[in-house]
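# Per-entry structural report
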Number of protein chains: 2
Amino acid sequence: MNFNKYLENYANLIVVSGLNVQKQQTVVIEAEVESVELVRLVTKYAYRQGAKEVVVRYSDEVVTRLKYENCEQSVFETVPTWLSNFKNDYAAMNACFLSIISDDPEAFKGVDPTKMASWSKSVNKECRVFRDLLENSTNAWCIVGASSVKWANRVFPDMSDKEAYDALWSAIFKATKADQEDPNAAWIEHRASFERRVKYLNELNIDTLTYTNNLGTNVKVSLMEGYLFAGGGNYLQNGLYNIPNIPTEEIFASPIFDKTEGIVYSSLPLNYNGNIIDEFYMEFKDGRVVNYGAKKGYDVLKEMIEFDEGSHYLGEIALVPYDSPISNMNITFLNTLFDENAVCHFAIGKGFSECIVGGYEMTKEELQEKGINDSLLHVDFMIGTNDLHIVASSKDGQEIEVFKEGNFVF
Amino acid sequence: MNFNKYLENYANLIVVSGLNVQKQQTVVIEAEVESVELVRLVTKYAYRQGAKEVVVRYSDEVVTRLKYENCEQSVFETVPTWLSNFKNDYAAMNACFLSIISDDPEAFKGVDPTKMASWSKSVNKECRVFRDLLENSTNAWCIVGASSVKWANRVFPDMSDKEAYDALWSAIFKATKADQEDPNAAWIEHRASFERRVKYLNELNIDTLTYTNNLGTNVKVSLMEGYLFAGGGNYLQNGLYNIPNIPTEEIFASPIFDKTEGIVYSSLPLNYNGNIIDEFYMEFKDGRVVNYGAKKGYDVLKEMIEFDEGSHYLGEIALVPYDSPISNMNITFLNTLFDENAVCHFAIGKGFSECIVGGYEMTKEELQEKGINDSLLHVDFMIGTNDLHIVASSKDGQEIEVFKEGNFVF
């Protein structure tokens, strides 16, 4: 593996295609101390694109865990002004935001989930300006992964530190096309591949989608008038195109939040807040989760679903063929950025204003009235299997097969 | 070397003796990403002492250098609100502040010194609350060192990365007494050793001190009525004792800023803002630097002396025997925290309110009237040699030898 070349490729891809950094734009990078090498390269390429300033905020999971273990609950209920200023002020000056993920999937195992939920809620509330501007596609943002020994050891438990670290980088480079000669060109091609399916799904006039498989999943979700599937990248409100997730293989929409019926079983472990939840299910009635269980991580699942009222409803459904390039790598990354691109997934929590015609112009209340869910949470979880079957029922009464044996029919 | 034990010792020493962390106190740590290991240990010990919260802000010299190389001057003239809030708000809530230094002494070689000076000035202005509270001993603060490969390579250029890194840690542990069985007890003893000399000097009723050596130094500094030498640690205004510099071997005072006369030559290289200044001199008339030169780093020395009006005058004189433990290690650390404890030094810039009777109660104007210098800058530089001679002239006309052949006479 030509590590240095691929890492340079990757940094350049992130800056050019991921964030689409503009001249005189401020770039904010949030990363773990472990990903210092990638941070420095992204910084270099961002300045090459003409960034005004690159601002880096490093975090440290060990320090954060000590905080959860030692601080009183009240500490997690107050966001210091500097932190909300950091997020809100840079967002207000149209900075773009990069998150580099290299987390240990079990970094916060055993930590009181109430403290973590309180902190998420507090940050989300105080950083409303930031959240709103990113969610309505005013500001560009991008999430990418970086190998770290602690993460790699969970993915490849039988390897040495060095082997695992390299193997995870190798997998990341492959999944993100950073190992290709011209990754930016590869992503232009990749992005185009979504368009045909997005167009087809948007013209299908879908009323409901029914998911079934042998895990026991049997769930029906409903789509509103003017629903929009999206995938690949994202057009910002200023017309610029960027790719918020690298990699991405999904085509997604937001269902009518209060119309989901049935039961859905997870198909891959879910890393949520530094904990693993595995072999879990959720049962929906009138869109709301009325019952749930997990073989592993039940307490964390509970905290996740009970986060707020909106976290009891679906905000997203995403279609990913079981035969996707990431799926075919046969690696469970224990990180949603990657695993969500291996198989179909749902998300509880906030829905997307980009997933309904005219959504950017709607108020939160208008969006909710149309069926787009609202919440301070948004968590994807994987439900796709190699026998997943999805049938669409159109508003004019036709039945159309969308997925068969885990893959797109069309 | 029992690295792990010494590092634990060191972290505990920093928390207990350096910062003297109190129950329910917030602890702020500022450190380079390289010193993550020490940061984590200090965090652990701070919680053990009952800290309310430990807040860590990591910096990255490579990212900072890229900023200096790429950003326009205007970026260095504006401090983002989040940063001034960070410093001022934690200071206002009586947090204690730890700086961990592991800088490459030449990290910013070749960088435009104007940008660095602008940034320092801007930060100092916007973080006035923070500065004032720390300077008048309301809040505890502490500066310590941590080995890093980049720093160690400059100190031990003939060693491998690993050897140099270990050798620098070894030197740091020795200099800070972290390699002793009970470092906190060793520091109680060390601290007591200053008291006799401080008392003697404070009772000497000194009018002037005249420094001479074979480098060419021949300078006379004047002390005001009510001058106070200090050394070892510091009594905060709330009565708690802490040690702002670990290590420390100096006994220091603030001279009358506009009465220094003569010339002084540097005896060790000076690391200032990631640059090395070496073999330099300053000539004083009516306290003001009227002439200066350097064989290496002249531009940086110029920026330093011309920082503001106050940076043209002395704010501190410090007595360190040439025979000090750090001096006897025969290592030039290229870092002032260590090198200033090897030999006598001066500082241009801000003087200390603790160095005059009743200083904490005086306004800035009153302090200046008494002769305590004011500036946004404070930079120590080493002037002691093995032949340094210092003679005191008392206000009642006596001549008393203070230093002979580089060491205290008494």
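Here goes a summary of the coordinates provided. Computed from a prediction, not measured in an experiment: that's the story for all the values here. Every chain is numbered on its own, with residues counted from 1 as its sequence reads. Working convention: letters from A go to chains and numbers from 1 go to ligands, in the order in which they are written. Whole-chain, interface and lining totals are the exception, using all residues; otherwise, since this is a predicted model, local features are given only for residues with pLDDT of at least 70 and side-chain atom pairs are given and counted only at 80 or more. Hydrogens and water are ignored here; the side-chain numbers use all heavy atoms of the structure.

### Re the pattern of salt bridges
Residues and elements named next belong to chain B.
- Note on definitions: salt bridges are taken to be side-chain nitrogens of Lys or Arg within 4 Å of carboxyl oxygens of Asp or Glu. One pass over the structure, following the stated rule, counts 48 salt bridges over all chains.
- Across the pair R57 and E30 runs a salt bridge, and its minimum N-O distance is 2.9 Å. Pair noted here: R57 is in strand β2 (residues 53–59) and E30 is in strand β1 (residues 26–32), with a separation of 27 residues, a long-range link.
- Between buried and exposed lies partly exposed: a residue is buried under 20% and exposed over 50% of the maximum accessible area for its type, with that area taken using a 1.4 Å probe on protein chains only. With a relative accessible area of 26%, R57 lands in the partly exposed category.
- A relative accessible area of 14% places E30 in the buried class. What counts as a helix is a DSSP run of H or I of at least four residues, what counts as a strand is a run of E of at least two, and both are numbered from the N terminus.

### Structural notes on the sheet that holds β2(B)
Residues and elements named next belong to chain B.
- Any two strands are treated as partners once DSSP identifies two or more bridges connecting them. The strand order across the open sheet formed by four strands is β2-β1-β3-β4, and the pairing between neighbours is parallel. Taken across any chain shown, the strands that pair with only one partner, and hence form the sheet edges, are β2 and β4 (141–145). Across the sheet, the axes of successive neighbouring strands diverge by a mean angle of 15°, strand direction being ignored.
- In terms of strand pairing, β1 meets strand β3 (residues 96–101) through five bridges, oriented parallel. Each residue of the ladder has a partner; that of V28, found in β3, is F97. Comment: axis = line fitted to C-alpha atoms, over the contacting stretch for helices; angle = value between 0 and 180 degrees taken between N-to-C directions.

### A few points about the pairing of strand β11 (residues 261–265) of chain B
Residue and element names in this part refer to chain B.
- Relative to β11, strand β6 (residues 218–222) runs antiparallel, the two being bridged by three bridges. Counted as the bridge partner of K220 is E261 from β11.
- As judged from the four bridges shared by β11 and strand β13 (residues 275–285), these two strands associate in the antiparallel manner. Opposite G262, over in β13, you have F284 as the bridge partner.

### So, the side chain of D104(B)
All names here are of chain B.
- Mapped onto the secondary structure, D104 falls in the loop between β3 and α5 (113–126).
- We define a polar contact as two N or O atoms separated by no more than 3.5 Å, with the added condition that, inside protein, one atom must be a possible hydrogen donor and the other a possible acceptor, whereas residues neighbouring each other in sequence contribute only through side-chain atom pairs. One polar contact links the side chain of D104 to the main-chain amide nitrogen of E106, over a distance of 2.8 Å.
- What makes two residues a contact is simply this: any of their non-hydrogen atoms within 4.5 Å. For D104, the residues in contact, after removing those within four places along its chain, are E61, K150, W151, R154 and G274.

### Structural notes on the sheet that holds strand β17 (residues 378–382) of chain A
Residue and element names in this part refer to chain A.
- The antiparallel open sheet is built from five strands, whose spatial order is β7-β10-β15-β16-β17. Every other strand in the sheet has two partners, leaving β7 (230–231) and β17 as the edge strands with one partner each.
- Relative to strand β10 (residues 251–253), β7 runs antiparallel, the two being bridged by two bridges. Note that in β10 the partner of G231 across the bridge is I251.
- Lying over the sheet, helix α9 (residues 183–202) contacts β7, β10 and β15 (314–319), oriented at roughly 30° with respect to β10.

### Considerations on the packing of aromatic side chains
- A pair of aromatic rings is counted whenever rings of Phe, Tyr or Trp (Trp by its six-membered ring) have centres within 6.5 Å, and the orientation is called stacked for planes under 30 degrees apart, edge-to-face for over 60 and tilted otherwise. Tallied over the entire structure, the rule returns 51 aromatic pairs over all chains.
- Between the aromatic rings of Y211(A) and F346(A), the centroid separation amounts to 5.0 Å while the plane-to-plane angle is 80°, which identifies the pairing as edge-to-face. Taken together, the residues span a long stretch of sequence, with Y211(A) in strand β5 (residues 206–212) and F346(A) in strand β16 (residues 345–349) at a distance of 135 residues.
- Taking the relative accessible area as the measure of exposure, Y211(A) reaches 0% and is therefore buried.
- Their ring planes at 55° and their centres at 5.9 Å tell us that F280(A) and F381(A) sit as a pair that is tilted. Residue F280(A) is found in strand β13 (residues 275–285), and its partner F381(A) is found in strand β17; the two are separated by 101 residues along the sequence.
- Exposure remark for F280(A): the relative accessible area of 2% places this residue in the buried category.
- Taking the relative accessible area as the measure of exposure, F381(A) reaches 1% and is therefore buried.
- Connected via pairs of aromatic rings, a cluster forms that spans W82(A), F86(A), Y90(A), W82(B), F86(B) and Y90(B).

By themselves, these figures tell us nothing about what the structure is for.
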